[in-house]
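Residue-level structural notes
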Amino acid sequence: MMVLSKVGGFSLLEVVLALAIATSSFIVAQQLAHGLWLRGQWWQTLAQVSARQAEAVSSLVRLHAGYCAAGLARAGEQHWQLRLDQGRGCQLIDMRYNGTKQQLQKRRAGGRYSAFLHAIVDVQVHYALALAGHCQPHRWVTRVAVDDVQRVVLLQVQVNVVVNGVGQPMAVPDDWQWQANDSEPSLQVPVKVLIPLGCQGHA
Amino acid sequence: MLKVIRQQGFSLLEVQVALGLLALGLGLASQLYLAVGQQARLTYERQQAMQVLQQIVTVLPYFHQHVPLVVALSESDQAATEVGCDAAKACSTEAMWMHFWHGWQTQISKQLPAGKVALACQPSCAKGQQLRIEISWGKQQQKACTKRCIAVEWAL
């Protein structure tokens, strides 16, 4: 019996060329995939930052929305006391920054402090004072004597929110801080909230 | 006896078509991925702009009579308006307003690519007229405030 078998094959040149094309295609695909992965990480970071910023802003604005006449009762460095309308008249609410816990904390007068905002650092509180008899802010200060506290017309709370476990940022704005030293990399992003306190006790 | 062995396989055309379909699928998937990512970025940018807009609207009631000061300035003059009202320094109402304005411009330009904030009175800055506050960023293809732009109107 005679078997005529035609087996096609590639020449050495074809094999080398095919390998070269396959290798370069693989490298290009790997680079593209890596680029897409990095972009994905960055977008995820932006989404996390957006959520943390929105949480900080809305929490502060919502809390201060219900202030009573003469909204502030005390105005110190990194702590202040508000008069809030709680439905049964005005209640005193203390706010303070606890640096060791990285929290902005709140309590009702006489009560215990509980966390109001988590994972925040570098809290800066400024008060805008108006001149007696006026409503326009004319000076920013970091603390106000009790006698002058009714002249505070704006409260500015600036914090850095900490976003943990984020990937390497692609294009970090100037005022963001990326910390890769810790076991869990983190990003600190500033948030500034301006809260109007009306204009009480003036002409 | 002669036995011919025939090897079965795909034709070149079939392989090319399959590769083409695969490339098309991968391209569509990556386009979808990029579109979702761009949306996340746009959402972030809009949020930054909204935060500044919220600050402007909070502060405007204190300074509404000084709005024309900013409206009258050219873009280059606006960039040089920092008057230093930080750190307990007492300032006039006009200076404080310009200080706020400079702060918003700095914030917008830091956080948004080619970010700009503008005020415009329609038709004048007299009491009762409308003030338009517009924050735009990125490359604006048209004059209308659309994708990378937010605006509100505020009664003076």
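Description of the structure in this document. (Residues numbered from 1 in each chain as written. Chains lettered and ligands numbered in written order. Predicted model: local features only at pLDDT ≥ 70, side-chain atom pairs only at ≥ 80, totals over all residues. Heavy atoms only, no water.)

**Examining the overall build of chain B**
When helices and strands are counted, chain B shows four helices and four strands. Shown N-terminal to C-terminal, the secondary structure of chain B runs as helices and strands in the order β-α-α-α-α-β-β-β. Going through the 156 residues of chain B one by one, you find that 33% of them count as buried. Contacts in chain B between residues at least 24 apart in sequence constitute 54% of all its contacts with a sequence separation of at least 6. Just so you have it, chain B exposes about 9300 Å², and 61% of that area is on carbon and sulfur atoms. (Helix = DSSP H or I, 4+ residues; strand = E, 2+ residues; numbered from the N terminus. Buried < 20%, exposed > 50% of the residue type's maximum accessible area, 1.4 Å probe, protein only. Contact = heavy atoms within 4.5 Å. Areas by Shrake-Rupley, 256 points an atom, 1.4 Å probe, with all protein chains shown as cover.)

**Details of the overall build of chain A**
Helix and strand counts for chain A come out as one helix and 11 strands. Starting at the N terminus, the α and β elements of chain A follow one another as β-α-β-β-β-β-β-β-β-β-β-β. Its C-alpha atoms give chain A a radius of gyration of 29 Å, more than 25% over the compact-globule value 17 Å for 203 residues. The C-alpha extent of chain A, read off along each of the three principal axes, is 115 × 35 × 30 Å. (Rg over C-alpha atoms; globule rule 2.2 N^0.38 Å.)

**A look at the interface of chain B and chain A**
Opposite the 36 residues of chain B that make contact, chain A presents 35 residues. For the chain B and chain A pair, buried surface summed over both sides reaches about 3200 Å², with 60% attributable to carbon and sulfur atoms. Ranking the residues of chain B by area buried against chain A places Tyr33, Tyr44 and Tyr62 of chain B at the top, with a combined share of 20%. Where chain B touches chain A, the interface holds zero salt bridges. Viewed at the interface, chain A and chain B are joined by seven residue pairs in polar contact (both at pLDDT 80 or more). (Buried area = accessible area lost by both parts, 1.4 Å probe. Salt bridge = Lys/Arg side-chain N within 4 Å of Asp/Glu carboxyl O. Polar contact = N/O pair within 3.5 Å; in protein donor to acceptor, adjacent residues only side chain to side chain.)

**What about the sheet that holds strand 2 (residues 116-122) of chain B?**
Residues and elements named next belong to chain B. The strand order 2-3-4 describes an open sheet built from three strands, whose pairing is antiparallel. Edge strands, defined here as strands with exactly one partner in the open sheet, are strand 2 and strand 4 (149-155). Shown here is a sheet whose adjacent strand axes are inclined to one another by a mean of 20 degrees, direction ignored. Pairing geometry for strand 3 (residues 130-136) and strand 4, over seven bridges, is antiparallel. Note on strand 4: the bridge partner recorded for Ile133 is Val152. Together, strand 2, strand 3 and strand 4 form the strand contacts of helix 1 (residues 12-63), whose direction differs from that of strand 4 by roughly 15 degrees. Sheet strands touched by helix 4 (residues 93-111): strand 2 and strand 3. Its angle to strand 2, the strand with the most contacts, is close to 130 degrees. (Pairing = 2+ DSSP bridges. Axes fitted to C-alpha atoms, helices over the stretch in contact; angles between N-to-C directions.)

**Considerations on a nonpolar patch on the surface**
Residue and element names in this part refer to chain B. A surface patch of nonpolar side chains, about 550 Å² in accessible area, is lined by Phe10, Val15, Leu19, Leu22 and Leu26. With respect to the element layout, Leu19 can be found in helix 1. You can call Leu19 partly exposed: its relative accessible area is 48%. (Patch = residues over 30% accessible without salt bridge, like charges linked within 9 Å, V, L, I, M, F, W, Y side chains within 5 Å.)

**Some words on the sheet that holds strand 9 (residues 152-164) of chain A**
Within a sheet, adjacent strands bond to each other through the backbone by hydrogen bonds, running parallel or antiparallel. Residues and elements named next belong to chain A. Here five strands make up an open sheet; going across it, the order is 8-7-9-11-10 and the pairing antiparallel. The sheet is open, and its two borders are formed by strand 8 (137-141) and strand 10 (177-179), each paired with just one other strand. When strand polarity is set aside, the average angle formed by the axes of neighbouring strands in this sheet is 25 degrees. In terms of strand pairing, strand 7 (residues 120-130) meets strand 8 through four bridges, oriented antiparallel. The residue of strand 8 that forms the bridge with Ala130 is Pro137. The sheet strands contacting helix 1 (residues 12-65) are strand 7, strand 9 and strand 11 (186-196), and the helix crosses strand 11 at an angle near 25 degrees.

**Details of the nonpolar core**
Formed by 44 residues in total, the largest nonpolar core has its most connected members in Leu72, Trp80, Leu104 and Tyr127 of chain A. Counting residues per element, this core draws most heavily on helix 1 of chain A, at eight residues. Beyond its immediate stretch of four places on either side in the chain, Leu72 of chain A contacts Trp80, Gln81, Leu82, Arg83, Tyr127, Val149, Val152 and Leu197 of chain A. Counting residues in hydrophobic clusters, the runner-up holds 38 residues, among them Ala130 of chain A together with Leu53, Ile108 and Leu119 of chain B. (Core = buried A, V, L, I, M, F, W, Y, C linked by side-chain atoms within 4.5 Å.)

Purely geometric stuff here, so don't read any function into it on its own.
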